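Structure assessment
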Amino acid sequence: MIVSHFQVYVACQSMLIVLVGAVPKYHINQEGIPVSRAELAKHIHFADNFTSIVTEWYLIEQEVYKVSLESSLFFAGLLIGNITFGPVSDKLSTKPVCISGLFFDVIFGYVTALAPNYDIFAVSLFFVGIVNGGMALVSFVLTQEYVGKFWSFTGSLTNLTFVVGIAVYALLGYCVREWRYPALVSSIPGVVFLLLSFMLPESPWWLYFQGKTAEAEDVLQYIALGNAKRLTLKLKPSAGTLRKDESAPGILNLVKHLVLRWQTIIVMYIWYVCSFVYYGLTLNAGELKGNLYLNVALSGLEEVPAFPLCMFFIEKSCVFGSHPLCGYFPKAEQSGNPELRRLSCNLQFEYLCNDALVSLRSGRRKTMACFLLFAGFACIFTMLLPTNAGII
């Protein structure tokens, strides 16, 4: 539950620029744009009753591109975090990476909120993106490695708390219109989760595949005790533990085998399309007509119905048939290498289809295709709506 609810904090950091970078209506009471910032401050009047980095550092006209640049820097950091945190967590274990990443996430979050100028704000938000992206990935994997057969519920719950976090951040911005205060307050959950994360046990999967069978048994006993159950088990030694003369696998294992390579390319492309559409709509919620804060909240809450549907289709494998994931990743599933097998398992758990967690592990390709087709037709329908009819 601790790791699942961490996504509330991740959502606040991800949506920070939507409210912090909001551009209010303004009027300049002289012809031409004043050259100096001090002169501009005398002649510009902002109409809306909120502040942002635009109102504080006058990011208008020729400077307006800096608001979009912030989003680009954040997602550039997100890309770096997703690439680096996964291999590092496989090497050093998930828990210490999770704790250290959360620590730096909080630090850079407060630097962002207290930044005295745009340059520091931009750099700190870039680092927030790095640790935020890595932390979102690692915490999701850690959640799945704790629960075993209940991964469909915890996976959906993890992403449900993310969309709730978007609504919470919108409510916070509505109540406090000075941009620095929501930025500061949104970092407080990070401090709470940082303290609580020390209570988390190590991933039993990681311990087992590292050959630390006794420690994995202790973690499982601890989890069972927390659920008021007595557990007696003896794990078999991991057959795939790396020998001293073996090299650890890396990202190249995804492209060495033909089937694994093509399936990886397909999944990456689907991720690209879903992320492109999702963040393109969510981050532009402030550009829609109507109330800024209501639009941001609805952009998150509209995803809520997807998760019950997700859990239903994940559990009802007979609806569309089943095809084992090892058909997709035969080399990884049958490999004697523990880290390669763990990578394959992580891919099973992590796939998201445009706000709905779709089970690739059960082979529900038709379910995934239906969600993608529905989302695609919805995007086309949106493009056909008349802009002057008051609908959008």
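Every value quoted in this text rests on a predicted model; they were computed, and no experiment measured them. In this convention, every chain numbers its residues from 1, walking through the sequence in written order. Confidence filtering applies because this is a predicted model: local features only for residues at pLDDT of at least 70, side-chain atom pairs given and counted only at 80 or more, and all residues used for totals across whole chains, interfaces and linings. Hydrogens and water are ignored here; the side-chain numbers use all heavy atoms of the structure.

**Regarding the overall build of the protein**
- A run of H or I in DSSP becomes a helix once it reaches four residues, and a run of E becomes a strand once it reaches two; helices and strands are each numbered from the N terminus. The helix and strand inventory of the protein stands at 19 helices and four strands.
- Residue exposure (1.4 Å probe, protein chains only): buried if accessible area is under 20% of the type maximum, exposed if over 50%, otherwise partly exposed. Every one of the 392 residues in the protein was classed for burial, and the buried ones make up 46%.
- Should any heavy atoms of two residues lie within 4.5 Å, those residues are counted as being in contact. Look at the contacts in the protein between residues 6 or more apart in sequence, and 72% of them connect residues 24 or more apart.
- For the protein, the exposed area adds up to about 20300 Å²; of that, 68% sits on carbon and sulfur atoms. Only the protein chains shown count as cover for residues, with accessible areas throughout obtained via the Shrake-Rupley method and a probe of 1.4 Å.

**What to know about the packing of helix α8 (residues 151-175) against helix α15 (residues 292-301)**
- To obtain an axis, a line is fitted to C-alpha atoms, over the contacting stretch when the element is a helix, and the angle between two such axes runs from 0 to 180 degrees between their N-to-C directions. Remark: α8 packs on α15, axes separated minimally by 7 Å, with the N-to-C direction vectors making an angle of 170°. As judged from the angle between their axes, α8 and α15 are roughly antiparallel. Only Y293, V296, A297, S299, G300 and L301 of α15 make contact with α8, whose side of the interface consists of V163, I166, A167, A170, G173 and Y174.
- Side-chain classes are defined by residue name, with Ala, Val, Leu, Ile, Met, Phe, Trp, Tyr, Cys and Pro counting as nonpolar, Asp, Glu, Lys and Arg as charged, and the others, Gly among them, as polar. Of the residues that constitute the contact of α8 with α15, the class distribution is nine nonpolar, three polar and no charged. Orientation labels follow simple angle bins: below 35 degrees gives roughly parallel, above 145 gives roughly antiparallel, 65 to 115 gives roughly perpendicular, and whatever is left gives oblique.

**Quick look at the pattern of salt bridges**
- By definition, a salt bridge exists where a carboxyl oxygen of Asp or Glu is found within 4 Å of a side-chain nitrogen of Lys or Arg. Under the definition given, this model contains two salt bridges.
- Here R180 makes a salt bridge to E56, at a shortest N to O gap of 2.6 Å. Within this pair, whereas R180 is found in helix α9 (residues 180-185), its partner E56 is found in helix α4 (residues 53-57), the two being separated by 124 residues in sequence.
- Here E56 falls in the partly exposed class, since its relative accessible area comes to 30%.
- When the shortest N-O distance is used, the salt bridge between E63 and K66 registers 2.7 Å.

**Concerning α15**
- Of all ten residues that make up α15, seven are buried, and the element is covered over most of its length.
- Elements in contact with the buried residues of α15: α2 (16-20), α8 and α14 (258-282).

**Notes on a nonpolar patch on the surface**
- Judged by side-chain polarity, F103, F104, I107, V111 and I120 come together as a nonpolar surface patch covering roughly 400 Å² of accessible area.
- Looking at the nonpolar patch, the element that brings in the most residues is helix α6 (residues 94-113), giving four residues.
- Checked against the element boundaries, F104 lands in helix α6. Patch definition: residues with relative accessible area over 30% and no salt bridge; like charges joined within 9 Å; nonpolar side chains (Val, Leu, Ile, Met, Phe, Trp, Tyr) joined within 5 Å.

**Focus: the packing of aromatic side chains**
- Ring pairs shown here join Phe, Tyr and Trp side chains whose ring centres sit within 6.5 Å, with only the six-membered ring taken for Trp; geometry is labelled stacked below 30 degrees between planes, edge-to-face above 60, and tilted in between. All told, the structure shown has 16 aromatic pairs when counted by the stated rule.
- Relative to Y58, the ring of F46 has its centre 6.3 Å away and its plane inclined at 20°; by these criteria the two rings are stacked. With a gap of twelve residues between them, F46 in strand β2 (residues 44-46) and Y58 in the loop between α4 and α5 (65-92) connect regions that are remote in the sequence.
- Between the aromatic rings of W57 and Y118, the centroid separation amounts to 6.5 Å while the plane-to-plane angle is 85°, which identifies the pairing as edge-to-face. With W57 in helix α4 and Y118 in helix α7 (residues 118-147), this residue pair connects regions lying 61 residues apart in the sequence.

**A short note on the confidence of the model for the protein**
- In this model, the protein carries a mean pLDDT of 77, and residues with pLDDT of at least 70 account for 78%.
- pLDDT is a residue-level measure of predictor confidence that goes from 0 to 100. Confidence, expressed as mean pLDDT per element, reaches its minimum in the protein at strand β3 (residues 352-353) with 36 and its maximum at α9 with 90.
- Low pLDDT (under 50) marks residues 318-363, which in the prediction has 128 contacts with non-local residues, meaning those over four places away or in another chain.

**Points about the side chain of S139**
- Following the sequence through the fold, S139 ends up in helix α7.
- Here the side chain of S139 touches Q7 through a polar contact of 3.2 Å, side chain to side chain. N or O atoms closer than or at 3.5 Å make up a polar contact, with two conditions inside protein: a donor-capable atom paired with an acceptor-capable one, and, for residues adjacent in sequence, both atoms drawn from side chains.

**Here we look at α7**
- The terminal C-alpha atoms of α7, which comprises 30 residues, lie 43 Å apart, in line with the 44 Å expected from a rise of 1.5 Å per residue.
- The buried count for α7 comes to 22 of 30 residues, which makes it a mostly enclosed element.
- Here α7 starts with a cap whose side-chain oxygen sits 3.2 Å from the backbone nitrogen of D119, and that cap is N117. For a helix, the expected span equals 1.5 Å multiplied by the residue count minus one.

**Focus on the packing of α5 against α7**
- Remark: α5 packs on α7, axes separated minimally by 6 Å, with the N-to-C direction vectors making an angle of 35°. Crossing of α5 against α7: the hand is right-handed.
- Taken together, the residues of the contact of α5 with α7 break down into 18 nonpolar, nine polar and two charged. Helix crossings are classified by the rotation of the near helix relative to the far one: an anticlockwise turn of less than a right angle makes the crossing left-handed, while a clockwise turn makes it right-handed.

**Overview of the nonpolar core**
- If you look at the biggest cluster of nonpolar residues, it comprises 60 residues, and the most contacted ones within it are I53, L102, F121 and V296.
- With nine residues, the top contributor of residues to this core is α7.
- When sequence neighbours within four positions are dropped, the list of residues in contact with I53 reads I17, V20, G21, Y58, L59, E70, F121 and W179. The term nonpolar core refers to a set of buried residues drawn from Ala, Val, Leu, Ile, Met, Phe, Trp, Tyr and Cys, joined through side-chain atoms within 4.5 Å.

**What to know about the environment of I120**
- Looking at the element boundaries, I120 is found in helix α7.
- Apart from residues lying up to four places away in sequence, I120 is in contact with V111 and A115.

**Structural notes on the environment of C310**
- With respect to the helices and strands, the residue C310 is situated in helix α16 (residues 306-315).
- Since its relative accessible area comes to 1%, C310 is described here as buried.
- Through-space distance from the C-alpha of C310 to that of G155 is 9.7 Å; in sequence the pair is 155 residues apart.

**Thoughts on unusual backbone geometry**
- The phi torsion at Y58 lies on the positive side, around 55°, for a residue other than glycine.
- The phi torsion at S93 lies on the positive side, around 95°, for a residue other than glycine.
- Mapping S93 onto the fold places it in the loop between α5 and α6.

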